[in-house]
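These are the residues of each chain, in order.
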Amino acid sequence: MKKRTLFLTVISLFLLHSCTKEVTPKESKLTLKEKLIQQANDRIAEAELSLQQVEAEIRSPNTVIVPAGSVDALAAAIAAAGNNGKVILATGNHHESNTVMIEHTVHIKGAPGAKLIVDVGAFSYQHDPALYVRNANKVRISNLEIIPKTSPGNTGILVENGSHIRLSLIHI
């Protein structure tokens, strides 16, 4: 009888031990409201970081901001930004009546909704683009919509004898 009791006790202990679960810290269950607040806080943090980056760009001594409604201002802004400078076209329309020459390293960046409206002529056999990158390296043009004033014509970007030219988010 002692052997049987001992045997049942050992088996009971074994079964109890094998049936127990490891206790792990459970993830706290967030309510829907708490999840939405967390998502909003994450987005606010991302927006603040983005704002800091934009403010740093603007504070740079080689950054020139062209206000919306500008007329034939891009060439002067590129010259003012200088080599390795940055030109930011503000949200809105910018008008150019001649080809804009880019002959040094520069970054031309449109703010969201920036549009370059060009009037460089109709189709012809000569090159008459909106933007002409010539003998320049490491030019970047980004986040910009280029629109012809009248007909499609020569609305575009011509690159001649340049290397490491980067065009991104351009809509022509």
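See above for the structure.
Reading guide: rules and limits
- Residues numbered from 1 in each chain as written.
- Predicted model: local features only at pLDDT ≥ 70, side-chain atom pairs only at ≥ 80, totals over all residues.
- Heavy atoms only, no water.
- Helix = DSSP H or I, 4+ residues; strand = E, 2+ residues; numbered from the N terminus.
- Buried < 20%, exposed > 50% of the residue type's maximum accessible area, 1.4 Å probe, protein only.
- Contact = heavy atoms within 4.5 Å.
- Areas by Shrake-Rupley, 256 points an atom, 1.4 Å probe, with all protein chains shown as cover.
- Polar contact = N/O pair within 3.5 Å; in protein donor to acceptor, adjacent residues only side chain to side chain.
- Salt bridge = Lys/Arg side-chain N within 4 Å of Asp/Glu carboxyl O.
- Pairing = 2+ DSSP bridges.
- Axes fitted to C-alpha atoms, helices over the stretch in contact; angles between N-to-C directions.

Draft legend 1. Quick peek at the overall build of the protein chain. For the protein chain, the helix and strand inventory stands at three helices and ten strands. The 172 residues of the protein chain split such that 26% are buried. Across the protein chain, every contact between residues at least 6 apart in sequence was considered, and the portion connecting residues at least 24 apart equals 61%. Split by element, the accessible area of the protein chain, about 12100 Å² in all, is 58% carbon and sulfur.

Draft legend 2. Geometry of the side chain of His-107. Looking at the element boundaries, His-107 is found in strand 5 (residues 106-110). Here Ser-142 takes part through its side chain, which lies 2.9 Å from a polar atom of the side chain of His-107. Excluding anything up to four places from it in sequence, His-107 contacts Gly-85, Lys-86, Val-87, Arg-140, Ile-141 and Ser-142.

Draft legend 3. The arrangement of the pattern of salt bridges in detail. Under the criterion given, the structure shown has one salt bridge. With a closest N to O distance of 2.6 Å, Glu-103 and Arg-134 form a salt bridge. Highlighted residues: Glu-103 in the loop between strand 4 (100-102) and strand 5 and Arg-134 in strand 7 (residues 131-134), separated in sequence by 31 residues.

Draft legend 4. Representation of the side chain of Glu-96 in the model. Relative to the elements of secondary structure, Glu-96 occurs in strand 3 (residues 92-96). Engagement of the side chain of Glu-96 in a polar contact is seen with the backbone nitrogen of Ala-73, the distance being 3.1 Å. Beyond its immediate sequence surroundings of up to four residues, Glu-96 is in contact with Asp-72, Ala-73, Leu-74, Leu-116, Ile-117, Val-118 and Asp-119.

Draft legend 5. A look at the pairing of strand 6 (residues 114-118). Burial analysis of strand 6 places four of its five residues in the buried class, the great majority of the element. Bridge count between strand 3 and strand 6: five bridges; the pairing is parallel. Opposite Gly-92, over in strand 6, you have Ala-114 as the bridge partner. Bridging between strand 6 and strand 8 (residues 140-148) involves four bridges; their strand directions are parallel. Across the sheet, Val-118 pairs through a bridge with Pro-148, a residue of strand 8.

Draft legend 6. Geometry of the sheet that holds strand 9 (residues 157-160). Read from one edge to the other, the open sheet built from three strands follows the order 4-7-9, with strand pairing classed as parallel. Edge positions in the open sheet fall to strand 4 and strand 9, since each of these has one partner strand only. Mean inter-strand twist for the sheet, computed between neighbouring axes without regard to direction, equals 15 degrees. Two elements, strand 7 and strand 9, share four bridges in a ladder whose sense is parallel. Across the sheet, the residue bridging to Tyr-132 is Leu-158, located in strand 9. Most of the contacts of helix 3 (residues 74-81) go to strand 4, to which it runs at about 20 degrees, and overall it touches strand 4 and strand 7.

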